[in-house]
Amino acid sequence: MSVTESTDTSDEAVVDPTERVRRRGADSAVLRMSEAEAAQVGNDPHLHADDQRVLLNMGPSHPSTHGVLRLMLEMEGETVLRSKPVIGYLHTGMEKQGEQLSYMQGSTNVTRMDYASPLFTELAFSLATEKLLEIEIPERATWIRMLMCELNRLGSHFLFMATNGMDLGAVGMMIYGWREREEVIRFLEKVTGLRMNHNYIRPGGVAADLPDGWEYDIARLLEMIPPRLEEYDTLMTGQPIWRGRLQGVGAMSAEEAIALSATGPVLRSAGVPSDLRRDEPYLAYDQVEFDVIVGTYGDCYDRYAIRLNEIRESVRIIGQILEAMPSGDYRVQDKKVTPPPRARIDESMEALIHHFKIFTEGYKVPAGEVYAAVESPRGELGVYMVSDGSSHPYRMHVRAPSFVNLQTMPHLMRDGLIADGVAIISSVDPVMGEVDR
Amino acid sequence: MNAEPDGSTETEDDPTPPAPLRYGAPLTDSRGQAVVHPSRDTWLEVAEAALNDGFDHLTDVTAVDFLEYPGRRDLPDGVEPQRFEVVALLSNIATRERIRMRVQVPVDDPTVPTLFDLWPGSETPEREVFDMFGISFVDHPDLCRILMPDDWVGHPLRKDYAVGRIPVQFKDQGASL
Amino acid sequence: MGLIENVKDDGFEGLEHNFVTGQVESLVQWARTRSLWPATFGLACCAIEMMATGAAHYDMSRYGMEVFRASPRQADLMIVAGRVSQKMAPVLRQVYDQMMEPKWVISMGVCASSGGMFNNYAIVQGVDEIVPVDVYAPGCPPGPETLLHAIFTLHDKINTGELLQRRSDNGGGAGLTIEQRDGQSAPLLIRGAQ
């Protein structure tokens, strides 16, 4: 197809919403054109002399596309007609790499996918491996995982607050968002040793127990964060410019969101109460109390408000974890998957050999295939794993929420202004490391 | 490289009882998760039946290349193993039920009907499978490479595609500067 | 005019203010050091740490560097923050070519420096295959402290003028030598041996 085809939107109102996203051709929201074709159209000024539409390229090195996202936009004046996200600029071959690394090493690989919330990819990977191994992890490990993941959700949403504010011109938010994120990151660094890419949640438990005095740090965080969220409310939520910039921009119905396979805040903003933490409780989420935040209009403002309130819910969950944290082991005492403790290595030759074997060869995982999903800050993050009985995954596929959510972008942007496009990209909050893998 | 020879006896379910049917396709259980095995001819029928049954959310579409693992045993009777397998994960948003569809795709004709007309959300996952495995989705609205550059040769996640590792070299200080 | 007249008449006694003398070159280098404007070239995980360096806690603006320029034509320094894929490599080179001389490159993180743990078909094994790199910052990702250290190292190198000399010697950097390493054709491409 080419841009010359007419855009007939006269009977838009009578069309079923799911039919709208299913359309092909020139009346669709998606610009279905290969890069070569687009370049050809763009290079020939005489091709459509009487046509007012232009093809505009945005990215991949653009300040408001969150990394290396590239968009091809078909514009008429300042109005976006069709658009197409062009991705792959950060394709790292992680799924191929995952087949080269053993289950032991796998979490170092997957943690680098979603770099804003690395612990969730580790968690999904570990849950899938544990399902194949059919092992139960100790209770304390479960609760530590929950604590760390909720903290990571805080960090990720603070990052969203910072970048969302910056993209929309509230540059001060950049400073505020990072201020809180640094506090969270500092605790994660204390526990895992790294600010990002933690490799902390591993099949069989977590890498290390929580450090002494962690309760104090958490209590301090819990005390500090709620008043700062009030500051956000003052700065943004109630502010007329902020509302005017976001309300009604990029709206989507629930049917469209489901048809486009959206998950996470993008789906919840359209009014679908879907949260894997509540719907398919993993870890110990059935033992904590929290609300699933749901929007009404599916616009950018709802997506912002959902994330802001999810911070509050996470704070609530962390408070309950602080109360309920059980004692015990932080990793499973199964010799097959757990290396011996450091102290035993100095004493016993067998322990040393065992340690060496587990780190060089890894452990064998029974053959089979499994899918495990968690609710990451961006939506349903799943790992589909096929094992052939060896110590390396035969196939490791990650269902990345940003990748699938990106499909909603052309539909959100359609018939909006290009300036609103920036708000929409920001509110879908894609992390390109996860999109391209 | 990680393939176990066929001799591995680790199978989860005894093949003797015939697999029950769901939507007219054999249904198996993998670690507590329901899997249906349609053929390529019934792929769309089964998908449509699942959609009408309430599986309104297509969570993901992916594929596996079984070139180095021919001895897998988790297929029900009557399903002929082929080199590729396309996997579609469905879920029911209201009841949170999940089901997986796995279809065998031969290497000499790597085509599957697209699910786009049932779930428009299959568009980019199917493009990814096309890019990474070279499996074409018939009637897909925009089948082109998504992650690799347009002019790339080969499909990286196939098992006969090397990982492309280069040996680490330590350069002479004088030579490169 | 008045200054010169005063000196003519009274020698240095005629000057009303303190002043510093020096070579023009060192003055220029000093000025360049204090106003490095980075181009936003965030790619992956390291970009988050680069943003953290720019935010209040680590505050890059102390060194005159807070102005991240979206247009490469206004930038002096490219911080390649993250892994560079085969698809991104031509874009990176184009952005580099659009920057005005004098320009510098910091390769931030192991992925940009050497490919890191991703030794595979998709990732360029070191951004120095595409653009000349002045400072490599190690780490995965390097913390803001490491990035600041890399920036100080670059400041030192700018101050000595060593970098510009080198560039005039070898004619301005590496050419684009990216080839597809797909493994379809069995022999692996070995860097520097073609």
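Residues numbered from 1 in each chain as written. Chains lettered and ligands numbered in written order. Predicted model: local features only at pLDDT ≥ 70, side-chain atom pairs only at ≥ 80, totals over all residues. Heavy atoms only, no water.

A.B. asks: So what exactly am I meant to see when it comes to the packing of helix α3 (residues 45-54) of chain C against helix α6 (residues 144-160) of chain C here?
C.D. replies: The geometry of a pair of packed helices is captured by two quantities: the angle between their axes and the separation between those axes. All names here are of chain C. Two elements in contact, α3 and α6, have axes whose closest approach is 9 Å; the angle formed by their N-to-C orientations is 75°. When the axes of α3 and α6 are compared, the pair comes out roughly perpendicular. Of the residues in α6, those touching α3 at Glu 49, Met 50, Ala 52 and Thr 53 are Pro 144, Leu 147 and Leu 148. Looking at side-chain class alone, the contact of α3 with α6 contains five nonpolar, one polar and one charged residues. (Axes fitted to C-alpha atoms, helices over the stretch in contact; angles between N-to-C directions. Helix = DSSP H or I, 4+ residues; strand = E, 2+ residues; numbered from the N terminus. Parallel < 35°, antiparallel > 145°, perpendicular 65-115°, else oblique. Contact = heavy atoms within 4.5 Å. Nonpolar A, V, L, I, M, F, W, Y, C, P; charged D, E, K, R; others polar.)

A.B. asks: Please explain the interface of chain A and chain B as it appears in this structure.
C.D. replies: Many structure descriptions define interface size as the accessible area lost when the parts assemble. Chain A puts 60 residues into the contact, and the matching count from chain B is 63 residues. For the pairing of chain A and chain B, the buried interface totals around 5000 Å² over both sides, and the portion due to carbon and sulfur atoms is 50%. On the chain A side of the interface with chain B, the three residues burying the most area are Arg 24, Lys 96 and Tyr 394 of chain A, jointly 15% of the side's total. Viewed at the interface, chain B and chain A are joined by eleven salt bridges. Across the salt bridge formed by Arg 100 of chain B and Glu 369 of chain A, the nearest N and O atoms sit 3.0 Å from each other. Linking chain A with chain B are 33 residue pairs in polar contact (both at pLDDT 80 or more). Taken together, the residues of the side of chain A that touches chain B sort by class into 25 nonpolar, 15 polar and 20 charged. (Buried area = accessible area lost by both parts, 1.4 Å probe. Salt bridge = Lys/Arg side-chain N within 4 Å of Asp/Glu carboxyl O. Polar contact = N/O pair within 3.5 Å; in protein donor to acceptor, adjacent residues only side chain to side chain.)

A.B. asks: Just to check I follow, could you spell out the sheet that holds strand β1 (residues 21-22) of chain B for this structure?
C.D. replies: Strands belonging to one sheet form pairs held by backbone hydrogen bonds; the direction of such a pair is parallel or antiparallel. Residues and elements named next belong to chain B. Reading across the sheet, the six strands line up as β1-β2-β3-β6-β5-β4 and stay open at both edges, with mixed pairing between neighbours. In this open sheet, the two edge strands, each paired with only one partner strand, are β1 and β4 (57-65). Pairing geometry for strand β3 (residues 33-36) and strand β6 (residues 98-105), over two bridges, is parallel. Across the sheet, residue Val 35 finds its bridge partner in β6, namely Arg 100. Each of β4 and β5 (84-91) touches helix α2 (residues 123-133); the most contacted strand, β4, lies at about 5° to it. (Pairing = 2+ DSSP bridges.)

A.B. asks: In this structure, what is going on with unusual backbone geometry? I would like to understand it.
C.D. replies: Excluding glycine, most residues fall at negative phi; most peptide bonds, likewise, are trans. That bond from Cys 140 of chain C to Pro 141 of chain C is cis: its omega, -10°, falls within 30 degrees of zero. With respect to the secondary-structure elements, Pro 141 of chain C resides in the loop between β4 (135-137) and α6. For Glu 134 of chain A, which is not a glycine, the phi torsion comes out positive at approximately 55°. Secondary-structure assignment places Glu 134 of chain A in the loop between α5 (118-133) and α6 (139-167). Judged by its relative accessible area of 60%, Glu 134 of chain A falls in the exposed class. (Buried < 20%, exposed > 50% of the residue type's maximum accessible area, 1.4 Å probe, protein only.)

A.B. asks: Please explain the interface of chain C and chain A as it appears in this structure.
C.D. replies: Between chain C and chain A, the residue contacts involve 31 residues of the former and 36 residues of the latter. For the pair chain C and chain A, the two sides together bury roughly 2800 Å², of which 66% comes from carbon and sulfur. Counting across the chain C and chain A interface gives one salt bridge. For the salt bridge of Arg 195 of chain A with Glu 49 of chain C, the shortest nitrogen-to-oxygen distance reads 2.6 Å. Seen at the junction of chain C and chain A, the total is eleven residue pairs in polar contact (both at pLDDT 80 or more). Only α3 and α4 (89-98) of chain C provide two or more residues apiece to the side of chain C that touches chain A.

A.B. asks: Sorry, what's going on with a nonpolar patch on the surface here?
C.D. replies: A contiguous nonpolar surface patch, about 280 Å² in accessible area, is contributed by Met 349, Leu 352 and Ile 353 of chain A. When its relative accessible area of 43% is taken as the criterion, Ile 353 of chain A is described as partly exposed. (Patch = residues over 30% accessible without salt bridge, like charges linked within 9 Å, V, L, I, M, F, W, Y side chains within 5 Å. Areas by Shrake-Rupley, 256 points an atom, 1.4 Å probe, with all protein chains shown as cover.)

A.B. asks: Whenever I open this one, the packing of aromatic side chains confuses me. Can you help?
C.D. replies: The full count for this structure, using the stated rule, is twelve aromatic pairs over all chains. Their ring planes at 80° and their centres at 6.4 Å tell us that Phe 84 of chain B and Phe 133 of chain B sit as a pair that is edge-to-face. Placement of the pair is Phe 84 of chain B in strand β5 and Phe 133 of chain B in helix α2, with a sequence separation of 49 residues. Joined through ring pairs, the aromatic side chains of Trp 242, Tyr 301 and Tyr 304 of chain A make up one cluster. A cation over a ring is seen here: Arg 277 of chain A above Tyr 285 of chain A, with NZ or CZ 6.0 Å from the ring centre. Looking at Arg 437 of chain A, its charged tip hangs above the ring of Phe 403 of chain A, at a distance of 4.9 Å from the centre. (Phe/Tyr/Trp six-rings, centres within 6.5 Å; stacked < 30°, edge-to-face > 60°. Lys NZ or Arg CZ within 6 Å of the ring centre and 35° of its normal.)

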